[in-house]
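Residues per chain, in single letters:
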Amino acid sequence: MASDDAWSTPSNDALLLSLVSPSPTGVKTVGHSFHPKFTYPIFGDSEEIFGYQDLEINLRYNASDMRPNLSITYSKKFPAVGETEATDVDGILREFLPDIAFQKKKDFETGIKSPRQDWTPPGKLATTFSSHGNTFEVWKGNLADLAVKQVVKRIQILVPLFIEGGSAIDVDDPDADRWTVFFLYQKKEASSDSTSNPYVFAGYCTVYRFFHFRLPTPPLSPSESDVEKATLAQDFDLSELPCRSRISQFIVLPPFQGKGLGSRLYSHIFEQYINHAPTVEITVEDPNEAFDDLRDVADLHYLRQLPEFQALRINTAVAIPKAGAAPNNIVDRAACEAVRVKAKMAPRQFARVLEMHLMSTLP
Ligand code: ACO
């Protein structure tokens, strides 16, 4: 029998993702197929799948509504010997994909070949922009909307596959309405054969709303407090309460990366929350380096449009504190805080971007 190595396949290589759409001759891949960045949350730390030769795991998505279809092929499977048996690839992936992903390949392809021409992404159209001669749209919806929930369920596997340490959201959470989802779609010109829907999924972002309670000072007396609670319950729409809006998962699919689309999507979302009165702070959950870079550049660009930010300067008349010493007023702290609050940035993020700005303005 062949050695263990011959029966082992790196799971990042075995898994191939594609977006597909109908073509006059059947089904075609849109753009190029791509491999995941990580598979350890699915197949274990070694990212190896045991028990197959020539293993291929194809996860194809209908490019518009992101209906998934899984197909697993191999030339040989390891015969079970005692407790040693081939990894149950299908069984493992069932924990990460909705049931629809396991329908027969033929049924999936038949469904794709007769697309609904009037299908649009879930939620409401939030903005349209063009990039490198292509048109893109951002659609915004709430997870409590069943159409939004359906697409999120289909694409959630992208989180462990592309975000290190990322976790999927509980779409059945009773507080689902606290999640806002932004879908990024390329909108193609209607083709002359009109066989496909014009929308191609390019990425998405989820935003969670935390209530942000500020205790009244001085504290309310018990009776006043009771009155306030009763008023809250009766008169307030919870969605109007002050909140922190936290960007939780942000993905641009590999065929669309490095084209400025992530930056455009982020800036659009940021602008939405700048204009969302209840949001007092826009935060990001565990950003990685690539996201930090994108965010720093976008935040700096936004801040530099504010005259009060442009006016912030290092006060060269004050001695710069030694490393480890308490900060002094080398920058007008009250003015900084006023800009930070206006820009709804968390203190650490604002400090990072402010430093970038101040360094570039040094004489
Ligand atoms: N044309 C060409 N390149 C451009 C353009 C443009 N118009 N605009 C920006 N770029 C460059 C940027 O300068 C940047 O270059 P750099 O990498 O040398 O700094 C690079 O393209 C990336 O910027 P964008 O294209 O705007 O970003 P992208 O669309 O590739 O999205 C992201 C970045 C979200 C990190 C994407 O790579 C991704 O989804 N990765 C996998 C998942 C991930 O890591 N998500 C973030 C996790 S953190 C979280 O979820 C909160």
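Visitor: Got a minute to help me understand the site of the ligand in this structure?
Guide: In the vicinity of the ligand there are 22 residues, among which Phe250, Val252, Gly260, Ser263 and Asn288 approach most closely. Contact distances for the ligand include 2.8 Å between an oxygen atom and a backbone N or O atom of Gly262. Ser263 places a polar side-chain atom, nitrogen or oxygen, 2.5 Å from an oxygen atom of the ligand. Burial of the ligand by the surrounding chains reaches 67%, relative to a free accessible area of 990 Å². One can see that the ligand is located within the largest pocket. Listing elements by their share of the shell around the ligand, those giving two or more residues are strand E13 (243-252), helix H8 (261-274) and helix H9 (289-303). No other element matches E13, which puts five residues into the shell around the ligand. A per-class count over the shell around the ligand returns 11 nonpolar, nine polar and two charged.

Visitor: Is there a simple way to explain the confidence of the model for the protein chain in this structure?
Guide: When pLDDT drops low, the exact placement of atoms in the prediction is not to be read closely. Here the protein chain averages 89 in pLDDT, while 87% of its residues score no lower than 70. Confidence drops under pLDDT 50 across residues 230-234; counting only partners more than four residues distant or on other chains, this segment forms two contacts.

Visitor: I would appreciate a short explanation of the sheet that holds strand E2 (residues 15-23) in the present structure.
Guide: Strand pairing in a sheet is mediated by backbone hydrogen bonds. Such pairs are either parallel or antiparallel. Here we have four strands laid out as an open sheet, ordered E3-E2-E6-E7, and mixed in their pairing. Looking along the sheet, the strands with just one partner apiece sit at the ends: strand E3 (26-34) and strand E7 (68-73). Strand-to-strand twist in this sheet, taken as the mean axis angle between neighbours without regard to direction, amounts to 30°. Direction of pairing for E2 relative to strand E6 (residues 56-62): parallel, over a ladder of six bridges. Residue pairing in the sheet places Leu16 in a bridge with Asn58 of E6. Each of E2, E3, E6 and E7 touches helix H4 (residues 105-113); the most contacted strand, E6, lies at about 25° to it.

Visitor: Explain the pairing of E13 to me, please; I cannot follow it from the model alone.
Guide: Along any regular strand, the residues point their side chains to alternate faces of the sheet. With nine of its 10 residues buried, E13 lies for the most part within the structure. As paired elements, strand E12 (residues 199-211) and E13 share nine bridges and run antiparallel to each other. Bridging across to E13, Cys205 finds its partner in Phe250. With five bridges connecting them, E13 and strand E14 (residues 279-284) associate as parallel partners. Bridge assignment links Cys243 to a residue of E14, and that residue is Thr279. Remark: the E13/H8/E14 crossover connection has right-handed handedness.

Visitor: Any chance you could explain the pattern of salt bridges here in plain terms?
Guide: A pair can form between side chains of opposite charge whenever their charged atoms are brought close. Applying the stated criterion to the full structure yields 14 salt bridges. A salt bridge links Lys187 to Glu137, with the shortest nitrogen-to-oxygen separation between them at 3.8 Å. In this pair, Lys187 sits in strand E11 (residues 179-187) while Glu137 sits in strand E10 (residues 134-142), placing the two residues 50 residues apart along the sequence. Of the charged contacts, one joins Asp296 and Arg352 as a salt bridge, the two residues approaching to 2.6 Å between their closest N and O atoms. Residue Asp296 is found in helix H9, and its partner Arg352 is found in helix H12 (residues 347-361); the two are separated by 56 residues along the sequence. Classification of Asp296 by relative accessible area gives buried; the value is 8%. In the salt-bridge network here, residues are joined through shared partners; they are Asp292, Arg295, Asp296, Asp299 and Arg352.

Visitor: Sorry, what's going on with the environment of Leu265 here?
Guide: In this fold, Leu265 is placed in helix H8. For Leu265, a relative accessible area of 0% gives the class buried. When the C-alpha atoms of Leu265 and Tyr204 are compared, they prove to be 8.5 Å apart, with 61 residues separating the residues in sequence.

Visitor: I tried to follow helix H11 (residues 333-342) on my own but got confused; where do I start?
Guide: Working note: α-helix, 3.6 residues per turn, so residues spaced by three or four point in the same direction. Residues Cys336, Val339 and Arg340 constitute the buried set of H11. For H11, the angular spread of the buried residues around the axis is 100°, confining them to a single face. Contacts from the buried residues of H11 go to E14, H9, helix H10 (307-310) and H12. Regarding H11, its N-cap is Asp332, as a side-chain oxygen of that residue lies 3.2 Å from the backbone nitrogen of Ala334 further along. A positive backbone phi angle near 55° is found at Lys344, which sits one or two residues after H11.

Visitor: Just to check I follow, could you spell out the sheet that holds E12 for this structure?
Guide: With mixed pairing, six strands are arranged side by side in an open sheet as E9-E10-E11-E12-E13-E14. Taken across any chain shown, the strands that pair with only one partner, and hence form the sheet edges, are strand E9 (124-131) and E14. Ignoring which end each strand starts from, the neighbouring axes of this sheet average 25° apart.

Visitor: Looking at this structure, how should I read the packing of aromatic side chains?
Guide: Aromatic ring pairs are defined here through the distance separating the ring centres and the angle between the ring planes. Tallied over the full model, the rule gives 21 aromatic pairs. With a centroid separation of 6.3 Å and an interplanar angle of 45°, the aromatic rings of Phe201 and Tyr204 are classed as tilted. Take Phe201: its relative accessible area is 1%, and that puts it in the buried class. Using a relative accessible area of 0% as the deciding quantity, one classes Tyr204 as buried. These aromatic residues form a ring-pair network of at least three members: Trp119, Trp139, Tyr185, Tyr199, Phe201 and Tyr204. The cationic tip of Arg94 hangs over the ring face of Phe102; the distance from NZ or CZ to the ring centre is 3.9 Å.

Cut-offs applied
Residues numbered from 1 in each chain as written. Predicted model: local features only at pLDDT ≥ 70, side-chain atom pairs only at ≥ 80, totals over all residues. Heavy atoms only, no water. Near = heavy atom within 4 Å. Polar contact = N/O pair within 3.5 Å; in protein donor to acceptor, adjacent residues only side chain to side chain. Areas by Shrake-Rupley, 256 points an atom, 1.4 Å probe, with all protein chains shown as cover. 1 Å grid on protein atoms, 1.4 Å probe; cavity = no way out; pocket = protein on both sides within 12 Å on 5 of 7 lines; lining within 4 Å. Sits in = over half its atoms within 2 Å of the grid points. Helix = DSSP H or I, 4+ residues; strand = E, 2+ residues; numbered from the N terminus. Nonpolar A, V, L, I, M, F, W, Y, C, P; charged D, E, K, R; others polar. pLDDT = per-residue confidence, 0-100. Contact = heavy atoms within 4.5 Å. Pairing = 2+ DSSP bridges. Axes fitted to C-alpha atoms, helices over the stretch in contact; angles between N-to-C directions. Buried < 20%, exposed > 50% of the residue type's maximum accessible area, 1.4 Å probe, protein only. Right-handed = clockwise from strand over helix to strand, strands pointing away. Salt bridge = Lys/Arg side-chain N within 4 Å of Asp/Glu carboxyl O. Arc of directions from axis to C-beta. Phe/Tyr/Trp six-rings, centres within 6.5 Å; stacked < 30°, edge-to-face > 60°. Lys NZ or Arg CZ within 6 Å of the ring centre and 35° of its normal.

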